[in-house]
Amino acid sequence: EAGVTQFPSHSVIEKGQTVTLRCDPISGHDNLYWYRRVMGKEIKFLLHFVKESKQDESGMPNNRFLAERTGGTYSTLKVQPAELEDSGVYFCASSRLLADFETQYFGPGTRLLVL
Amino acid sequence: GNSVTQMEGPVTLSEEAFLTINCTYTATGYPSLFWYVQYPGEGLQLLLKATKADDKGSNKGFEATYRKETTSFHLEKGSVQVSDSAVYFCALKYSGSARQLTFGSGTQLTVLP
């Protein structure tokens, strides 16, 4: 079974540019999460999809961030325009649509550097 | 709100040394507790978990016991190997609609031969 994949693995952009990150969850996983780790600090939750619906987007920092999951398969996270403080590692995770004891499987992350 | 506090790193040990990485949490109710590990160049992997008080999670020689009275979930291993060098994250999660993980800041472990 293939794991969670993320693309690109690294991205270096200038302030004001746009970047789109992609996550492909494990096949059959209806839950999809985005997290990020900034400056070696704790990993923080951004949002949660159940299939194509946003279940919880309380962690999205501001309206420069837009996440989509059309068709309930892969997801994209767009940052437009990017700011310096957006630099960090963006993780995606997926899990089956089960009850309380779900295990989230993480991808390798996308390292974003905004100059 | 919920939070997880981890032992500050980095931690450097010699091979076969005993490892403890402290983790305490602040939360209402009864969360599930997790340790995730990130090896160099890889994604986060679930190392072990415990879903209720006094449960002990274990995997690959690592152990952690869910201590409700001290709100702790310390990670231990009796004899570390060079291959255990990684970043370790403690995390908690509630059941119900809010399914996101709340993580600690991570502890970098380096094991020297």
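Calculation criteria
- Residues numbered from 1 in each chain as written.
- Chains lettered and ligands numbered in written order.
- Predicted model: local features only at pLDDT ≥ 70, side-chain atom pairs only at ≥ 80, totals over all residues.
- Heavy atoms only, no water.
- Helix = DSSP H or I, 4+ residues; strand = E, 2+ residues; numbered from the N terminus.
- Buried < 20%, exposed > 50% of the residue type's maximum accessible area, 1.4 Å probe, protein only.
- Contact = heavy atoms within 4.5 Å.
- Areas by Shrake-Rupley, 256 points an atom, 1.4 Å probe, with all protein chains shown as cover.
- Phe/Tyr/Trp six-rings, centres within 6.5 Å; stacked < 30°, edge-to-face > 60°.
- Lys NZ or Arg CZ within 6 Å of the ring centre and 35° of its normal.
- Pairing = 2+ DSSP bridges.
- Polar contact = N/O pair within 3.5 Å; in protein donor to acceptor, adjacent residues only side chain to side chain.
- Disulfide = S-S within 2.5 Å.
- Core = buried A, V, L, I, M, F, W, Y, C linked by side-chain atoms within 4.5 Å.

Student: Even after reading the chapter, I still don't get the overall build of chain A, so can you show me in this structure?
Tutor: Scanning chain A from terminus to terminus reveals 0 helices and 11 strands. Starting at the N terminus and walking to the C terminus, you meet the elements of chain A as β-β-β-β-β-β-β-β-β-β-β. Projected onto the principal axes, the alpha-carbon positions of chain A cover approximately 40 × 25 × 25 Å. Among the 115 residues that make up chain A, the fraction classed as buried is 49%. Taking the intrachain contacts of chain A between residues at least 6 apart in sequence as the baseline, contacts between residues at least 24 apart amount to 52%. When the accessible surface of chain A is totalled, it reaches about 5800 Å², and 51% of it is carbon and sulfur.

Student: Please explain the packing of aromatic side chains as it appears in this structure.
Tutor: Aromatic ring pairs are reported here in terms of the distance separating the ring centres and the angle at which the planes meet. Using the criterion set out here, one finds 12 aromatic pairs over all chains in the structure. Ring geometry for Phe106 of chain A and Phe103 of chain B: centres 6.0 Å apart, planes at 80°, overall edge-to-face. Separated into two different chains, Phe106 of chain A in strand E10 (residues 105-106) and Phe103 of chain B in strand E11 (residues 102-103) make up a pair that spans both. Grouping aromatic residues by their ring pairs yields a cluster made of Tyr33, Tyr35, Phe45, Phe91 and Phe106 of chain A together with Phe34, Tyr36, Phe89 and Phe103 of chain B. Above the ring of Tyr74 of chain A, the side-chain terminus of Arg22 of chain A is found at 3.7 Å from the ring centroid.

Student: Would you mind showing me how to read the pairing of strand E4 (residues 23-26) of chain B here?
Tutor: Every other side chain in a regular strand lies on the same face of the sheet, so the side chains alternate between the two faces. Residues and elements named next belong to chain B. By the alternation rule, side chains of E4 split into Cys23 and Tyr25, which are all buried, and Thr24 and Thr26, of which none is buried. Here strand E1 (residues 3-6) runs beside E4; their pairing, made up of 4 bridges, is antiparallel. Paired with Thr5 across the strands is Thr24, a residue of E4.

Student: Any chance you could explain the side chain of Lys77 of chain B here in plain terms?
Tutor: Residues and elements named next belong to chain B. Among the structural elements, Lys77 can be located in strand E9 (residues 75-77). According to the relative accessible area criterion, Lys77 is buried, its value standing at 10%. One polar contact links Lys77 to Asp84, side chain to side chain, over a distance of 2.8 Å. Residues within four places of Lys77 in sequence aside, it is in contact with Ala17, Phe18, Leu19, Lys60, Gly61, Phe62 and Asp84.

Student: Can you walk me through the pairing of strand E6 (residues 44-50) of chain B in this structure?
Tutor: Residues and elements named next belong to chain B. In the sheet, strand E5 (residues 32-38) pairs with E6 via 6 bridges, with the strands oriented antiparallel. Its bridge partner lying in E6, Val37 is registered against Gln45. In textbook terms, the turn of a hairpin is the stretch between consecutive antiparallel strands, and for E5 and E6 this stretch comprises 5 residues, one of which, Gly41, has a positive phi near 80°.

Student: Looking at this model, I keep getting lost on the state of the cysteines. Mind explaining?
Tutor: The term disulfide refers to a covalent linkage connecting the sulfur atoms of a pair of cysteines. Considering all chains together, one arrives at 2 disulfides over all chains under this definition. Note that Cys23 of chain A is cross-linked by a disulfide to Cys92 of chain A, the S-S spacing being 1.8 Å. On the sign convention where negative means left-handed, the S-S torsion of about -65° between Cys23 of chain A and Cys92 of chain A marks this disulfide as left-handed. Remark: Cys92 of chain A occurs in strand E9 (residues 88-95) and Cys23 of chain A occurs in strand E3 (residues 19-24); sequence separation between them is 69 residues. Across this residue pair, the class does not change: Cys23 of chain A and Cys92 of chain A are buried. Note that Cys23 of chain B is cross-linked by a disulfide to Cys90 of chain B, the S-S spacing being 1.9 Å. Across the S-S bond of Cys23 of chain B and Cys90 of chain B the torsion is about -70°, and the bridge reads as left-handed.

Student: Would you mind showing me how to read the nonpolar core here?
Tutor: Trp35, Leu47, Leu48, Phe73, Leu75 and Tyr88 of chain B are the most contacted members of the largest nonpolar core, which totals 27 residues. Only strand E2 (11-14), strand E3 (19-21), E4, E5, E6, strand E8 (62-65), strand E10 (86-93) and strand E12 (107-112) of chain B provide two or more residues apiece to this core. For this core, the element with the highest residue contribution is E10 of chain B, accounting for 4 residues. Counting residues in hydrophobic clusters, the runner-up holds 21 residues, among them Leu46, Ala67, Tyr90 and Leu112 of chain A.

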